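# Per-entry structural report
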Amino acid sequence: MLAAANEVDDETLRELHIMCIDEVRKINGIITYDSAARFQRND
């Protein structure tokens, strides 16, 4: 819904999906809400 509301094109959405898959593979699917919030604040 966010992609549609922000008019993200299909190619950009596909690239973002690939980046997300790679990130999940790197962290082995283990992440906590707290660490995600900390990461977002530091970026």
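Quick note: structure is the one above.
Anyway, here's the lowdown on the structure attached to this text. Residue indices begin from 1 for each chain and proceed along its sequence in written order. With pLDDT at 70 or above as the cut-off, local features in this predicted model cover only qualifying residues; side-chain atom pairs require 80 or more to be listed or tallied, and sums for whole chains, interfaces and linings still use all residues. Here the side-chain values reflect all heavy atoms present in the structure, with hydrogen atoms and water set aside.

Helix and strand definitions here come from DSSP, where helices need a minimum of 4 consecutive H or I residues and strands a minimum of 2 consecutive E residues; each element is numbered from the N-terminal end. If you tally the helices and strands in the protein chain, you get three helices and zero strands. Counting helices and strands in the order they occur from the N terminus, the protein chain gives α-α-α. Counting only C-alpha atoms, the protein chain reaches 30 × 20 × 15 Å along its principal axes. Counting over 43 residues, the protein chain shows a buried share of 5%. For every accessible area listed, the method is Shrake-Rupley and the probe measures 1.4 Å; residues are considered covered only by the protein chains on display. As displayed, the protein chain offers around 4,300 Å² of accessible surface, 57% of which is attributable to carbon and sulfur atoms. In summary, the charge assignment counts Lys and Arg as positive and Asp and Glu as negative, without counting His or the chain termini. By convention, charge coordinates are those of NZ in Lys, CZ in Arg, CG in Asp, or CD in Glu. The positive charge centre, built from 5 side chains, and the negative charge centre, built from 9, are 10 Å apart in the protein chain. For the exposure calls, accessible area comes from a 1.4 Å probe over protein chains only, and a residue counts as buried if that area is under 20% of its type's maximum, exposed if over 50%, partly exposed in between.

To continue, consider the pattern of salt bridges. Salt bridge, as applied in this entry: a Lys or Arg side-chain nitrogen positioned within 4 Å of an Asp or Glu carboxyl oxygen. All chains considered together, the criterion is met by three salt bridges. Among the salt bridges present, the one from Asp22 reaches Arg25, with a minimum N-O distance of 3.9 Å. Remark: Arg25 and Asp22 occur in helix H2 (residues 10-27); sequence separation between them is three residues, near one turn of the helix.

To continue, consider the environment of Leu16. With respect to the helices, strands and loops of the structure, Leu16 is situated in helix H2. The sequence separation of Leu16 and Ala5 amounts to eleven residues, and the corresponding C-alpha distance is 16 Å.

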